[in-house]
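Chain by chain, the residues run as shown.
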Amino acid sequence: MSGPKTSSCMLAWNANANAVAALVPRQNVNPGPVKGDTFIHDPTVVKTPGGSYIAAFTGDNIQMKQSSDRTTWRDVGAAFPSGASWTTPYTNGDKNLWAPDLSYHNSQYYMYYSASSFGSSKSAIFLATSKSGLPNTWTNQGLVIESTTSSGYNAIDPNLIVDASGKWWLSFGSFWSGIKLVPLNASTGKPSSSTLTSLAFRPTNGGAVEGPFITRKDSYYYLWVSFDACCKGAASTYNIRVGRSTKVNGPYVDKAGVDMMKGGGTLMMSSHGSIHGPGHNAVFTDTDGDVLVYHYYRDDGVAQMGINLIRYDSGWPVIY
């Protein structure tokens, strides 16, 4: 096989995973090897049919990266290099677009992404599609869902999940009343119903839960979220949490059995050493297992890409 499985640094990472796991608490595992253009914020990664990797992340007009081996990354520019004028009513004219979600279905790439301004729930999630997934090839498919200052929820941080029966769903949400789920029409990628299901909420702690990402493994769905404060550089308190359910629409509970609608969420990764505020993760499946992608801040406050493998123990994810 080619790619990261044959690179010396990746082989060392995999070979020593069990030894490292025995020495440190699970939430204190360091990121695996990443080099090249390593700045990223709110990352999402998709593996292409050809075996390379595309990442998208928060930035002006959605920024993108490529990698041939999942280890060395290079910046390739904006998804919308000519701008995304349809988003500016939600961003106060700013070009900065947030928290994209990449996936590959029906022989094309789908990208859901957010338009908002910091601290506001006047927000919207949009959809774009592309045959190649590369910058300047994305076609705007329009508005998916929006929220207002009186909605009581926030339409940002989208993630598409296709359930075991082939039905499409979009999770999203940040603060306010927490994480929501809406069913989608698989033909259009747009909501098939206006009914929202609540998946996670923090009744205390200022409601600080966001960045949902749902994955499926065997008989369980896993809801990954981020708790606490992002976007404060090395002072960020972001941390990654997870719960599971046998149904895509919940209820999701943590390892202690606490419902995520009651503040539950098993801690998976938190600040340690020079790794500050890890969060806003995505998960994709590669030939060597499920892969966790997230951002964290260095000591100097610059956001970096973090990548780790995921294994499963008694139906619960474990980060290596």
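What counts and what doesn't
Residues numbered from 1 in each chain as written. Predicted model: local features only at pLDDT ≥ 70, side-chain atom pairs only at ≥ 80, totals over all residues. Heavy atoms only, no water. Pairing = 2+ DSSP bridges. Helix = DSSP H or I, 4+ residues; strand = E, 2+ residues; numbered from the N terminus. Axes fitted to C-alpha atoms, helices over the stretch in contact; angles between N-to-C directions. UniProt positions renumbered as here; feature names shortened; annotations may be inferred. Contact = heavy atoms within 4.5 Å. Polar contact = N/O pair within 3.5 Å; in protein donor to acceptor, adjacent residues only side chain to side chain. Buried < 20%, exposed > 50% of the residue type's maximum accessible area, 1.4 Å probe, protein only. Lys, Arg positive; Asp, Glu negative; His and termini not counted. Salt bridge = Lys/Arg side-chain N within 4 Å of Asp/Glu carboxyl O.

Here we take up the sheet that holds strand β16 (residues 220–227). Taken in spatial order, the four strands line up as β15-β16-β17-β18 in an open sheet, and their pairing is antiparallel. In this open sheet, the two edge strands, each paired with only one partner strand, are β15 (209–217) and β18 (266–269). The average undirected angle you get between the axes of adjacent strands in this sheet is 30°. Alignment of β16 against strand β17 (residues 239–245), held across seven bridges, turns out to be antiparallel. Opposite Tyr221, over in β17, you have Ser245 as the bridge partner.

Here the focus is the UniProt feature "site: Important for substrate recognition" (unreviewed entry) in the chain. Feature annotation in UniProt places "site: Important for substrate recognition" (unreviewed entry) on His280, given in this structure's numbering. Beyond its immediate stretch of four places on either side in the chain, His280 contacts Asp42, Pro43, Ala99, Asp157, Gly211, Ser226, Tyr238, Val293, Tyr294 and His295. A distance of 3.5 Å separates polar atoms of two side chains, one belonging to His280 and the other to Asp42.

When you line up the elements, Asp101 lands in strand β7 (residues 96–105). The side chain of Asp101 is buried and forms no salt bridge, while Arg216, the nearest opposite charge, is found at 14 Å. A polar atom in the side chain of Asp101 sits 3.0 Å from the backbone nitrogen of Leu160. Here Asp101 is in contact with Thr44, Tyr110, Met111, Tyr112, Pro158, Asn159, Leu160 and Phe213, once residues within four sequence places are set aside.

The omega angle of the peptide bond from Gly250 to Pro251 is 5°, so this bond is cis rather than trans. Among the structural elements, Pro251 can be located in the loop between β17 and β18. Non-glycine residue Ile62 carries a positive phi angle of around 65°. Here Ile62 lies in the loop between β4 (59–60) and β5 (63–67). Its relative accessible area of 0% is what places Ile62 among the buried residues. Look at Phe175: it is not a glycine, yet its phi comes out positive at around 55°. Note on placement: Phe175 falls in the loop between β12 (168–172) and β13 (179–184). Owing to a relative accessible area of 27%, Phe175 belongs among the partly exposed residues under this scheme.

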